Amino acid sequence: MADLTLQTGGLPFRKMHGLGNDFVVVDARSAPDLVNEDTARAIGHRSFGVGFDQLAVLRESDVADLDVEFWNSDGSKADACGNASRCVARIIMDETGQKAASIRTGRGTLQAVDAGEGLISVNMGQPQLEWDQIPLAHPVDDLNALPIEGAPGAAGIGNPHMVFVVNDAEAVPLSDVGPALEHHPLFPERTNVEFIHVIDRQTLRMRVWERGGMITLACGSGACASAVVAHRKGLTDRKVTIHLDGGDLEIDWRDDGVWMTGPITHVFDGVIRREFLENI
Ligand SMILES: N[C@H](CCC[C@H](N)C(=O)O)C(=O)O
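Rules and cut-offs
Residues numbered from 1 in each chain as written. Predicted model: local features only at pLDDT ≥ 70, side-chain atom pairs only at ≥ 80, totals over all residues. Heavy atoms only, no water. UniProt positions renumbered as here; feature names shortened; annotations may be inferred. 1 Å grid on protein atoms, 1.4 Å probe; cavity = no way out; pocket = protein on both sides within 12 Å on 5 of 7 lines; lining within 4 Å. Helix = DSSP H or I, 4+ residues; strand = E, 2+ residues; numbered from the N terminus. Buried < 20%, exposed > 50% of the residue type's maximum accessible area, 1.4 Å probe, protein only. Contact = heavy atoms within 4.5 Å. Near = heavy atom within 4 Å. Polar contact = N/O pair within 3.5 Å; in protein donor to acceptor, adjacent residues only side chain to side chain. Areas by Shrake-Rupley, 256 points an atom, 1.4 Å probe, with all protein chains shown as cover. Sits in = over half its atoms within 2 Å of the grid points.

As annotated in an unreviewed UniProt entry, the protein is Diaminopimelate epimerase from Pseudohalocynthiibacter aestuariivivens. The UniProt entry for the protein carries this comment under Function (unreviewed entry): "Catalyzes the stereoinversion of LL-2,6-diaminopimelate (L,L-DAP) to meso-diaminopimelate (meso-DAP), a precursor of L-lysine and an essential component of the bacterial peptidoglycan."

Q: Just checking my understanding: could you explain the UniProt feature "active site" (unreviewed entry) in the protein for this structure?
A: Within the UniProt annotation, "active site" (unreviewed entry) is assigned to C81 and C219. Across 139 residues of sequence, these annotated residues stay compact in space, with a maximum C-alpha separation of 7.8 Å. Lining of the largest cavity among the annotated residues: C81 and C219. The topology assignment puts C81 in the loop between strand 5 (77–78) and helix 2 (82–96). Residue classification places C81 among the buried positions, given a relative accessible area of 5%. With residues up to four places along the chain from it excluded, the contact list for C81 reads F23, Q54 and F70. Relative to the helices and strands, C219 is located in the loop between strand 13 (214–215) and helix 4 (220–232).

Q: What exactly am I supposed to notice about the site of the ligand here?
A: The immediate surroundings of the ligand are formed by 15 residues, with N21, G82, R211, G220 and S221 found nearest. One of the backbone nitrogen or oxygen atoms of G82 is found 2.7 Å away from an oxygen atom of the ligand. At 3.0 Å from an oxygen atom of the ligand is found a side-chain nitrogen or oxygen belonging to N159. Bound to the protein, the ligand loses 100% of the 360 Å² it would expose on its own. Structurally, the ligand is housed in the largest cavity. Elements with a contribution of two residues or more to the shell around the ligand: helix 2 and helix 4.

Take a look at the structure:
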C-alpha cells in the first residue's frame, strides 16, 4: 500500500513516444515526487496501469535545464533513455522557446537541439568501451566479439548493450532468446540486447529486447550502441540510418559524442487518479 498524501486530484502526466518507444512523463516540479519501484511498476503495467516502456520523472536541476530519472516498467531504473531524452528536450524547448536544451540523466548532462522538421537531436556522449564501464562482470579479450555464441559486441551508452550482427534481424525470435541474454552473467546489471543486419555501410536494420523485459518498437540508446558496434566491427561508417520497428533514427558518431536524431510525438495528457496511487 503506497502511503501517499496527494493534495491534488491525482498525478498529471504526459504520454509521449519516440518511434513508438512510449513514455509516461511525470513532472515532479509541479506534482508530488511519488515515483519508486512499486509506483513505476504499477503505472507501467499495460493492463492494470497506464502502460509505458519507460517512465521519465522531471525535476528541477542546478546544472541543466532539467534533471531526469528513467524507470523501466519492471520497476528497474535506467541511467539512459535516448528516445525519452528527446521527448524531454521537446518539453524544455517548448517552455523556453529555445532551440537547444540540456538534460542531466544518470549518465551525465546531455545536450539536445531542435533539428527542424519535427526532429530532435540529442548527444548521448561518447560510448563506454571499457569492460568495467559498460559494465561487464570481468575483462574480455575482445569487446567486439564477446565469448558468447554469435560473438556479439558490447557498448555502454549510459546503459549496457549487447549487439548481435545477424543475417536477418527480422528472423530473430526475440521473445525466446531475449530473457536469457538480458540476464547473461557477463552483464552484472543485466543488458539491453540488439540484433542488427547490415543493409549497406550507411544503413542498418535493428530490433531490440530491452533490459526490463520487453520488446520495444525503438530504442535510442540501443541504436547508438548498434551504430558503435557495427562501426567498430568495420561494417559501417560513423553515420548511419537505422531502421527500427517504429521508424528510422539517424545516428552520427562524431568527435563530441554519439548524436541521435529522430521524431517525437506528444500523444495526450492525463491524470493518474489518487485512488489508484493510494492502492498500489
Ligand atoms: N528505450 C530507451 C532505452 C531504455 C533502456 C532501458 N531498457 C535500460 O534498462 O537500459 C532508449 O530509447 O534509449
